Amino acid sequence: MLLAGETLNMATPVSVLRLPKGPDPNSRGFDPKSPRFIALCRTSIPTSAASEADPEQLQQEQHARSVLRESFLRCLLSMNSKKVQFHMHEKVKLEATFGASDIDVLNFQVSDLHTPIGVQKEALIRCQDVISFTFDV
């Protein structure tokens, strides 16, 4: 309750970026059986025909995939809060401060996105639109 002559000090409001939640109860994405998910988010690359016949080659292929996945995830960790240059289709180049990736690596959350038509304070970049990205270590 305010008394006469007192002033109320209010904190400066801060905008909050709220991402849409998926339909599943854990909010970890969309239904993997939905046509949209199947079309856009293939979860694995089918093994080569030769490796299906040879169990040793299949094991080598799976090991190579796990090494590549681990190095990619380490790359994402090292990008956190750094300026990243994204090379997109149609020779478009973007620069932004990297924030995070969703669990399936379908989107990158970035801040201060510099595009050819201006600057966006917060944005999501679809990973399927990115050809490559670079950053200084």
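Residues numbered from 1 in each chain as written. Predicted model: local features only at pLDDT ≥ 70, side-chain atom pairs only at ≥ 80, totals over all residues. Heavy atoms only, no water.

With respect to the pairing of strand β3 (residues 107-115)
No. 1: The pairing of strand β2 (residues 93-101) with β3 spans five bridges and is antiparallel. Its bridge partner lying in β3, Ser101 is registered against Phe108.
No. 2: The antiparallel pairing of β2 with β3 creates a hairpin that spans five residues between the two strands, and Val105 there sits at a positive phi of about 55°.
No. 3: Here β3 pairs with strand β4 (residues 118-126) via eight bridges, running antiparallel. Pairing of Val110 across the sheet is with Ala123, part of β4.
No. 4: Taking the residues that link successive antiparallel strands as the turn, the β3-β4 hairpin has two residues. (Pairing = 2+ DSSP bridges. Helix = DSSP H or I, 4+ residues; strand = E, 2+ residues; numbered from the N terminus.)

Some words on the sheet that holds β2
No. 1: The sheet built from five strands is open, its strands ordered β4-β3-β2-β1-β5 with antiparallel pairing. Of all the strands in the sheet, the pair left with one neighbour each is β4 and β5 (130-135). Going from strand to strand, the sheet's axes swing by 35° on average, the running direction of each strand aside.
No. 2: The pairing of strand β1 (residues 83-88) with β5 spans five bridges and is classified as antiparallel. For Gln85, the partnering residue across the bridge sits in β5 and is Thr134.
No. 3: Most of the contacts of helix α3 (residues 55-79) go to β5, to which it runs at about 55°, and overall it touches β1, β2, β3 and β5. (Axes fitted to C-alpha atoms, helices over the stretch in contact; angles between N-to-C directions. Contact = heavy atoms within 4.5 Å.)

Remarks on the packing of aromatic side chains
No. 1: All told, the structure shown has four aromatic pairs when counted by the stated rule.
No. 2: Ring geometry for Phe98 versus Phe108: centroids 5.4 Å apart, planes at 70°, classification edge-to-face. Linking Phe98 in strand β2 with Phe108 in strand β3, this pair joins segments that are ten residues apart in sequence.
No. 3: Here Phe108 and Phe133 contribute two aromatic rings whose centre-to-centre distance is 5.9 Å and whose plane-to-plane angle is 85°, an arrangement assigned as edge-to-face. Placement of the pair is Phe108 in strand β3 and Phe133 in strand β5, with a sequence separation of 25 residues.
No. 4: Its relative accessible area of 21% is what places Phe133 among the partly exposed residues. (Phe/Tyr/Trp six-rings, centres within 6.5 Å; stacked < 30°, edge-to-face > 60°. Buried < 20%, exposed > 50% of the residue type's maximum accessible area, 1.4 Å probe, protein only.)

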